Amino acid sequence: MSTIVELSLPNGHKYEQPVGLFIDNQFVKSSSGKTFETIDPSTEEKIVDLYEADADDVDIAVKAARAAFEGEWSQYAAEKRGMIMSEFVRLVEEIRPTLAAVESWDSGKPYSKTLYGDVSELVGTFRYYAGWADKVFGRTIETDKNKLAYTMHQPIGVCGQIIPWNFPLSMWAWKVAPAVATGCTVVIKTAEQTPLSALFLGPLIKKAGFPPGVINIISGFGKTAGAALASHLDVDKIAFTGSTATGRNIMKMASVNLKAITLECGGKSPLIVCADANIDKAVQAGHSGIMYNAGQVCTATSRIFVHEDVYDKYVDGFKQRIKDVSKVGHPFEKATSQGPQVSKTQRERVLGFIEEGKKAGAKVAAGGNSTGDKGYYIEPTVFTDAEDASTIMQDEIFGPVASIAKFSDYDDAVRRANNTSYGLAAAVFTQNITRGHRIAEKLQVGMVWINSNQDSHYGIPFGGWKSSGIGRELGEYGLNNYTNVKAVHVNLEE
Ligand code: NAI
Ligand code: MG
């Protein structure tokens, strides 16, 4: 099998899809010759076979990344790294429609969202960190007249990065951009469900001027390629986004050489709707906060706590909103707002949670079933009257499934909102500015939205408390993950 094949997108457009591993700026076969297939979740049919990396390929990729780190990349003037990143952004803009279509095909996301959402996030994140490349520096520290002390922020080295399937391009950018901006080199493993879009970037990486080995992209599975990367002794840092269970595993594996780690894991984020909220806006934000990307969003506000005075109005509004704007359908249909779940496994998982909710006595206010003759589609679903301690109120469902609950006291609402093992994000809707800030202060989460939901920006730190993760990505904070601090003490005594 060749490492690049011609494919025909669902919109009829023909293009060249790389299916090899991208190591040292070239597409290569896996050393075992093993391949695996990726599926179109809207038809359940195979798109293409790809070469599958295992531990040997991870080793080859890490060697390439090490050589590149010790070679020119970390020695380049920082401005030059920024310029190469900017050139990469320009090249991505040129292929935007094809890149978005590849992403939609492989993941099932609506094309309108990948075109304006995912690709824009990739472009914006790279542009943002290209600007940071020559603005990373240490400090001098005043102590004694006879002493000069200063810090250097030096690139941490070879970075292993493991990303999920829910935002393949955005997650790729969040991981790769800050690493290469600071002078690190990377081996990034994409999710086995969505390997195509990242490989499609390979030729642009080379064309933009990244030296061979700076960005290596491998396709493969978690238990083999992912584990090999997390436990590799010559990898200095591991960054991961995915489930909390896998995050725990990675933390253990990374301990072999005390790798620096960042983990972005699961969530069960609350939305608190106060009695004085603008209900229309709170309904819109509640709906998009759980239905966007078919609920496959780590920060999705899956638990909605509504004050008793506005509860009935809110639930009715939410059901109406689903009727008005939720259009479940093929990712390439213009009207579609919600595509299929990414895989059969994920659909079964989500349906399992829905059944569990029904059995536990929660009421189905909308949806509650799979839909369509083929493709992994699930109806937008709303539960009410679920117990706080029940599975659907505690576990990350990762599907288009909201639970709406009633509260009467604000302190109690905050206590219930905090009552999960997760602590990723939370939203609050209120017209009372003091109440909004007070509630934000008490929520045990990494991000709070007041009168908005799911608002993310590459300039603002992203990450969770408790079992939602370790460390922050994005913004200036995100750079710290990729540098080592060195303190230099100089004796000036004569
Ligand atoms: P996962 O966490 O197992 O997979 C995410 C990435 O980790 C993939 O690239 C996978 O190949 C890799 N991986 C898996 N096992 C590994 C291991 N032992 N060592 C190294 N890498 C490994 O998530 P999965 O199974 O795809 O989805 C299960 C659940 O995880 C979802 O239902 C959802 O609740 C949660 N999830 C959360 C995400 C988030 O954005 N926080 C993203 C994806 C899934
Ligand atoms: Mg796929």
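Residues numbered from 1 in each chain as written. Chains lettered and ligands numbered in written order. Predicted model: local features only at pLDDT ≥ 70, side-chain atom pairs only at ≥ 80, totals over all residues. Heavy atoms only, no water.

Moving on to the overall build of the chain. The helix and strand tally for the chain stands at 15 helices and 26 strands. A compact globule built from 494 residues would reach a C-alpha radius of gyration of about 23 Å, and the chain, at 23 Å, matches this within 12%. Each of the three principal axes of the chain carries a C-alpha extent, and together these read 75 × 65 × 40 Å. Burial status across the chain gives 57% buried among its 494 residues. Taking the contacts inside the chain whose residues are at least 6 apart along the sequence as the reference set, 72% of them involve residues at least 24 apart. On the chain, roughly 20,200 Å² of surface is accessible, and the fraction owed to carbon and sulfur atoms is 50%. Of the charged side chains in the chain, 51 are positive and 57 negative, and the gap between their average positions amounts to 2 Å. (Helix = DSSP H or I, 4+ residues; strand = E, 2+ residues; numbered from the N terminus. Rg over C-alpha atoms; globule rule 2.2 N^0.38 Å. Buried < 20%, exposed > 50% of the residue type's maximum accessible area, 1.4 Å probe, protein only. Contact = heavy atoms within 4.5 Å. Areas by Shrake-Rupley, 256 points an atom, 1.4 Å probe, with all protein chains shown as cover. Lys, Arg positive; Asp, Glu negative; His and termini not counted. Charge placed at Lys NZ, Arg CZ, Asp CG, Glu CD.)

Attention now moves to the domain arrangement of the chain. We note that the domain assignment places domain 1 (4–265 + 470–486) and domain 2 (270–457) within the chain. Here domain 1 and domain 2 have C-alpha centroids that lie 30 Å from each other. Across the contact, 27 residues belong to domain 1 and 28 residues belong to domain 2. Buried surface at the junction of domain 1 and domain 2, summed over both partners, amounts to about 2,300 Å²; 61% is from carbon and sulfur atoms. Interface area lost by domain 1 to domain 2 is led by Ser42, Glu44 and Trp165, which between them contribute 24%. Inspection of the region where domain 1 meets domain 2 yields six residue pairs in polar contact (both at pLDDT 80 or more). Within the residue set of the side of domain 1 that touches domain 2, elements represented by two or more residues are helix H3 (96–107) and helix H4 (111–132). Residue contributions to the side of domain 1 that touches domain 2 peak at four residues, all from H3. Within the side of domain 1 that touches domain 2, the residues separate by chemical class into twelve nonpolar, eleven polar and four charged. (Domains from an automatic or database assignment. Buried area = accessible area lost by both parts, 1.4 Å probe. Polar contact = N/O pair within 3.5 Å; in protein donor to acceptor, adjacent residues only side chain to side chain. Nonpolar A, V, L, I, M, F, W, Y, C, P; charged D, E, K, R; others polar.)

So, about the layout of surface pockets. Taken as a whole, the largest pocket holds about 1,000 Å³ of empty space. Surrounding the largest pocket, 40 residues form its lining, Trp165, Phe240, Gly242, Ser243 and Thr246 being those nearest its centre. Those elements giving two or more residues to the lining of the largest pocket turn out to be helix H8 (222–230), strand S12 (237–241), helix H9 (244–254) and helix H12 (344–359). At seven residues, the largest contribution of residues to the lining of the largest pocket is made by H9. Counting the residues that make up the lining of the largest pocket, at least three belong to each of domain 1 (4–265 + 470–486) and domain 2 (270–457). (1 Å grid on protein atoms, 1.4 Å probe; cavity = no way out; pocket = protein on both sides within 12 Å on 5 of 7 lines; lining within 4 Å. Points joined across faces, edges and corners; volume = space filled by probe spheres on them.)

Throughout the structure, instances matching the rule amount to two cavities of 30 Å³ or more. Its volume calculated, the largest cavity comes out at about 70 Å³. As for the largest cavity, its lining consists of 14 residues, of which Ala300, Ser302, Glu396, Ile397 and Phe398 are closest to the centre. Its residues placed into classes, the lining of the largest cavity shows seven nonpolar, four polar and three charged. Here the second largest cavity is characterised by a volume of approximately 60 Å³. The wall of the second largest cavity is formed by 14 residues, among which Ala417, Thr420, Tyr422, Gly423 and Val445 lie closest to the centre. Of all the secondary-structure elements, those providing two or more residues to the lining of the second largest cavity are strand S14 (269–273) and strand S21 (422–423).

Spatially, S16-S19-S20-S15-S14-S22-S23 is the arrangement adopted by the seven strands of the open sheet, whose pairing is mixed. Strands with a single pairing partner mark the edges of an open sheet, and in this sheet they are strand S16 (363–366) and strand S23 (447–450). Across the sheet, the mean angle separating the axes of adjacent strands is 25 degrees when strand polarity is ignored. Two elements, S14 and strand S15 (residues 301–307), share five bridges in a ladder whose sense is parallel. Paired with Ile272 across the strands is Phe305, a residue of S15. Lying on the sheet, H12 is in contact with S16, strand S19 (381–384) and strand S20 (401–407); it crosses S19 at an angle near 25 degrees. (Pairing = 2+ DSSP bridges. Axes fitted to C-alpha atoms, helices over the stretch in contact; angles between N-to-C directions.)

Let us look at the side chain of Thr43. Here Thr43 lies in the loop between strand S5 (35–40) and strand S6 (45–51). Thr43 sits in the buried class, given a relative accessible area of 19%. The residues contacting Thr43, other than those within four sequence positions of it, are Lys374 and Gly375.

Among the 28 residues in the neighbourhood of ligand 1, the closest are listed as Ile163, Trp165, Glu192, Ser243 and Glu396. Asn166 places a side-chain nitrogen or oxygen 3.2 Å from an oxygen atom of ligand 1. Contact between ligand 1 and Glu192: an oxygen atom at 2.7 Å from a side-chain N or O atom of the residue. Taking 810 Å² as the accessible area of ligand 1 by itself, protein coverage stands at 89%. Broken down by secondary-structure element, the contributors of at least two residues to the shell around ligand 1 are H8, S12, H9 and H12. When its residues are assigned to classes, the shell around ligand 1 shows 13 nonpolar, ten polar and five charged. Residues from two domains meet in the shell around ligand 1; each of domain 1 (4–265 + 470–486) and domain 2 (270–457) gives at least three. (Near = heavy atom within 4 Å.)

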